[in-house]
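# Structural overview
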Amino acid sequence: MSFKVAVVGATGNVGREMLNILEERGFPVSEVVALASRRSQGTEVSFGDRTLKVKALDQYDFSDTDICVMSAGGNVSKEWSPKIGKQGCVVIDNSSAFRYDQDVPLIVPEVNPDAISLFTRKNIIANPNCSTAQLVVALKPLHDFATIKRVVVATYQSVSGAGKEGMDELFTQTRAVFVADQVDVKKFTKRIAFNVIPHIDVFLDDGFTKEEWKMVAETKKMLDPKIKLTATCVRVPVFIGHSEAVNIEFEKPITADEARDILRDAPGCQVLDKREDGGYITPLESAGEDATFISRIREDSTVDNGLSMWVVSDNLRKGAALNAVQIAELLVERGLIQPKKKAA
Ligand SMILES: NC(=O)c1ccc[n+]([C@@H]2O[C@H](COP(=O)([O-])OP(=O)(O)OC[C@H]3O[C@@H](n4cnc5c(N)ncnc54)[C@H](OP(=O)(O)O)[C@@H]3O)[C@@H](O)[C@H]2O)c1
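In the annotation of an unreviewed UniProt entry, the protein is listed under the name Aspartate-semialdehyde dehydrogenase and assigned to Mesorhizobium japonicum.

### What to know about the pattern of salt bridges
Applying the stated criterion to the full structure yields 23 salt bridges. In this structure, Arg334 and Asp114 form a salt bridge, with 2.9 Å as the shortest nitrogen-oxygen distance. Placement of Arg334 in the segment after helix 8 (317-333) and of Asp114 in the loop between strand 7 (90-93) and strand 8 (124-126) is noted, with a sequence separation of 220 residues between them. On the basis of relative accessible area, Asp114 is assigned to the exposed category, the value being 56%. For the salt bridge of Asp273 with Arg260, the shortest nitrogen-to-oxygen distance reads 2.8 Å. With Asp273 in the loop between strand 12 (269-271) and helix 7 (283-286) and Arg260 in helix 6 (residues 256-265), the pair connects residues that are 13 residues apart, well separated along the chain. The burial state of Asp273 is the same as that of Arg260; both residues are buried. Beyond isolated ion pairs, a larger network of salt bridges with shared partners links Glu17, Glu24, Arg25, Asp290, Arg317 and Glu329.

### A look at the packing of aromatic side chains
The tally for this structure, following the rule as stated, stands at five aromatic pairs. Note on Tyr100 and Trp213: the rings are 4.8 Å apart at their centroids and 70° apart in plane angle, and the pair reads as edge-to-face. Taken together, the residues Tyr100 in the loop between strand 7 and strand 8 and Trp213 in helix 5 (residues 210-222) connect sequence positions 113 residues apart. Judged by its relative accessible area of 28%, Tyr100 falls in the partly exposed class. Its guanidinium or amino end placed over the ring of Trp80, Lys83 lies 4.3 Å from that ring's centre, counting from NZ or CZ.

Rules of the game
- Residues numbered from 1 in each chain as written.
- Predicted model: local features only at pLDDT ≥ 70, side-chain atom pairs only at ≥ 80, totals over all residues.
- Heavy atoms only, no water.
- Salt bridge = Lys/Arg side-chain N within 4 Å of Asp/Glu carboxyl O.
- Helix = DSSP H or I, 4+ residues; strand = E, 2+ residues; numbered from the N terminus.
- Buried < 20%, exposed > 50% of the residue type's maximum accessible area, 1.4 Å probe, protein only.
- Phe/Tyr/Trp six-rings, centres within 6.5 Å; stacked < 30°, edge-to-face > 60°.
- Lys NZ or Arg CZ within 6 Å of the ring centre and 35° of its normal.

Here it is as structure tokens:
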């Protein structure tokens, strides 16, 4: 059994990673189609050792395509995902366009796989925000053991989370600083090279940013609506890999040793936690990896049943493309999707 898969946004950061991961994990494809805007029509992207010519999304007919992984931003998704879904093609969307829609499941396979069955309502499944995906992978097993009451998280998010323009801006600004050239600010609100910016996505009325709100809403939707969470999201001059300093208050007691053992056995988690120089993960080492890495696990005696930890993952993989491919795998494993075209 194999599936015709369309990758929308195939020329972008997430789309390219999506093609890599589909190939690496041997997802059963009969055909892969690379789609982007008309600007990229005819350009080439790699899929394993094959080269795919990019087609324009607005000229493509989805009627014989089984799965569409969409990573072209919220506006493109709002316009296209419902139309594609109505053509009987299951959309796995990376944008925030449908994440909070009650008729669209928001899925991290290690956390809430059973919610996927809701997808038939709109033929759309949402992928969470990158900073939430890695967080809930680490929180879920601890919540099962000791019930989380409250989480305080500060993120250190890489520029690739802002697309290929974000990566280009860090590169060109860094070079400009070194050659004493003029530093232009376009994508970010302030210079990102040799700086950190406490602002991701738009400001809301209460002073939080939309990125911070997303972490709250998505954790509640996927893990438990009773969990209280407050976030400060910060952009840092790192190309790939989001890091999070996480403080958790539990209902029941849990020691750092217990948390370490639980996380060692938990799906998608890898513990790297030695109390010595270099005995922890940094975003550089997470790039290209699938795991959510957890380090610096320690008890916080300033609250009852408190723990602090450091959570790092490749935002283009677990935060986006890998999670989307895992969702596609879940559809296949559970027999929730059949190929439209039978193999000859
Ligand atoms: N980066 C992350 O860590 C991350 C994590 C989770 C979710 N996401 C989400 O994933 C999406 C893509 O992010 P990205 O980082 O890959 O951005 P990106 O590098 O800027 O790529 C954007 C992609 O969208 C395509 N696109 C733009 N307008 C289009 C249109 N009108 N029709 C068809 N395709 C169009 C672009 O094609 P052209 O090359 O033709 O312009 C490009 O392939 C966003 O919704 C983002 O929020 C990103």
